[in-house]
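What follows is each chain in one-letter form.
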Amino acid sequence: FGVMYIIPAGRWGSFAPRVDYYYRHDIQFRQFDNSNDVAPAYSRVDARIFWYSESEQFWMEVFGRNLGDVQVKTNLELIGGINRAFTYDNPRSGGMRFGYNF
């Protein structure tokens, strides 16, 4: 689920804050009903704000992902038939991006 709203700012262009909410129910990675093969349910929130120049030729984005810093199993791989190796989603992160439209 995501929500975004564009706020006009006259000669300063426009701003567009956005919030995304994800929910995933628990996942059973294998069919054997072993509790070690389950990734529990989780929810995650990402947020960002865009700025667009008045001509929309320049833009900037400031973002934060996984704001709750939720540790999420995304995959399971068996090694040697008995050892489990999980892949995890990225931890809390943030950044900034700039762009130019030709």
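We now turn to the structure provided with this report. (Residues numbered from 1 in each chain as written. Predicted model: local features only at pLDDT ≥ 70, side-chain atom pairs only at ≥ 80, totals over all residues. Heavy atoms only, no water.)

Taken as a whole, this structure holds seven salt bridges when the rule is applied. Between Arg 48 and Glu 61 there is a salt bridge, with its nearest N and O atoms 3.3 Å apart. With a gap of 13 residues between them, Arg 48 in strand β6 (residues 42-52) and Glu 61 in strand β7 (residues 58-65) connect regions that are remote in the sequence. A residue is classified by how much of its surface remains accessible, and Arg 48, at 22% relative accessible area, is partly exposed. You can call Glu 61 buried: its relative accessible area is 0%. Overlapping salt bridges bring together Arg 30, Asp 37 and Arg 84 as one network. (Salt bridge = Lys/Arg side-chain N within 4 Å of Asp/Glu carboxyl O. Helix = DSSP H or I, 4+ residues; strand = E, 2+ residues; numbered from the N terminus. Buried < 20%, exposed > 50% of the residue type's maximum accessible area, 1.4 Å probe, protein only.)

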